[in-house]
Amino acid sequence: MPASYSPAAAAREILPSMPRIVVVSPHLDDAVLSCGALLGARPGSTVVTVYTGMPDAAHVLTDWDRRCGFGSAAEAMRERRREDARAMALVRGRGRALGFLDSQYAACADACLPALTAALMRTLAELRPDAVAIPLGLLHADHVRVSDAGLMVRDAWRGPAWLAYEDVPYRCLPGIVQARFARLHGRGVIAAPADLALDTRAKPRAVAAYASQLKGLQRAPADLGREERYWHLVDG
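The residue count restarts for each chain, going from 1 along the sequence in the order it is written. Local features are withheld for residues below a pLDDT of 70 in this predicted model, meaning they are given only at 70 or higher, and side-chain atom pairs are given and counted only at 80 or more; totals for whole chains, interfaces and linings count all residues. As a rule here, side-chain values cover all heavy atoms of the structure and leave hydrogens and water aside.

Chemist: I'm lost on the overall build of the protein chain in this one. Help?
Modeler: Helix and strand definitions here come from DSSP, where helices need a minimum of 4 consecutive H or I residues and strands a minimum of 2 consecutive E residues; each element is numbered from the N-terminal end. If you tally the helices and strands in the protein chain, you get 10 helices and 7 strands. Throughout, exposure labels follow a simple rule: accessible area from a 1.4 Å probe, protein chains only, divided by the maximum for the residue type, with under 20% read as buried, over 50% as exposed, and the rest as partly exposed. For the protein chain, the proportion of its 236 residues judged to be buried stands at 52%. Should any heavy atoms of two residues lie within 4.5 Å, those residues are considered in contact. Counting contacts in the protein chain only where the partners sit at least 6 residues apart, residues at least 24 apart contribute 81% of the total. In this description, accessible areas are obtained by the Shrake-Rupley approach with a 1.4 Å probe, and a residue is regarded as covered only by the protein chains that are shown. Within the structure as shown, the protein chain displays about 10,600 Å² of accessible surface, and the carbon and sulfur contribution to it stands at 55%.

The structure is reproduced here in structure tokens:
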């Protein structure tokens, strides 16, 4: 890259100069937990959520759904969609659902990666964003899968600016962000700090819309009050 190029300086220009921002979210809460301040700062942004599908065995009850207070997958998904609609209204964002099955409902979720990548490519091509924010891809297999799909779309389409956001609540685990950076570097991608200087004061209201998820976590994520962190994805 040119010696004068500064990824951090380029990322700071995203809010004033790039009105169409898409945040790619694994589940129906991840975008607001990790990017609520960004969404609030850019009304009209679109959140593309991957795992929004209803399993065929809608009566199944997983441990996570039970901890969130539900009696079945059907009840859980219906309420999560309602919670997400409330949160989107609070950040004045638009939601798009890709309809894939959360790994807690799918026996071989990894097999869906090619289809997920293709669906994400089609959706982004339709939305034509100026900037795309994908999860860094920390710990949770669904988060890693969505991040990897986003990286493959980036390989094929360099039109928008590409950012990665730190996944809440997993970013607090010691060394996990650094380990992901190393894996990205291994595939020729460098994550350069992007200082977007976002105000997080209004974010808790949107997070509170996900009452069932917070119940499952037993509390709001400990790092919710910390600044959101973004990384500009550039070629190494």
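Chemist: I'm lost on the pattern of salt bridges in this one. Help?
Modeler: Proximity of charged atoms lets side chains of opposite charge pair with each other. A side-chain nitrogen of Lys or Arg and a carboxyl oxygen of Asp or Glu constitute a salt bridge if their distance falls within 4 Å. With the rule as written, the count across this model stands at 16 salt bridges. For Arg229, the salt bridge is made with Glu166, and the minimal N-O distance between the two is 2.9 Å. Of the two residues, Arg229 is situated in the loop between helix H10 (211–217) and strand S7 (230–235) and Glu166 in the loop between strand S5 (161–165) and helix H8 (176–186); the sequence distance between them amounts to 63 residues.

Chemist: Even after reading the chapter, I still don't get the packing of aromatic side chains, so can you show me in this structure?
Modeler: Both the distance between ring centres and the angle between the ring planes are used here to describe each pair of aromatic rings. Any two rings among Phe, Tyr and Trp, with Trp reduced to its six-membered ring, count as a pair given centres within 6.5 Å; such a pair is stacked if its planes are under 30 degrees apart, edge-to-face if over 60, and tilted if neither. For the coordinates displayed, the defined rule picks out 1 aromatic pair. Ring geometry for Phe181 and Trp231: centres 4.7 Å apart, planes at 70°, overall edge-to-face. Taken as a pair, Phe181 in helix H8 and Trp231 in strand S7 lie far apart in primary sequence, 50 residues in all. On the basis of relative accessibility, which here comes to 22%, the residue Phe181 falls in the partly exposed class. What makes Trp231 buried here is its relative accessible area of 14%.

Chemist: Got a minute to help me understand the pairing of strand S2 (residues 46–49) in this structure?
Modeler: Within a regular strand, the side chains alternate between the two sheet faces. The alternating pattern of S2 places Thr46 and Val48 on one face and Val47 and Thr49 on the opposite face, and all of these are buried. Handedness of a crossover is defined as follows: orient the strands so they point away from the viewer, and if the path from the first strand over the helix to the second runs clockwise, the crossover is right-handed. Considered for its hand, the β-α-β crossover made up of strand S1 (residues 21–25), helix H3 (residues 30–41) and S2 is right-handed. The rule for pairing is simple: two strands pair if DSSP sees at least two bridges between them. Bridge count for S2 against strand S3 (residues 94–97) is 4 bridges, and the pairing is parallel. Along S3, the bridge assignment pairs Val48 with Arg96.

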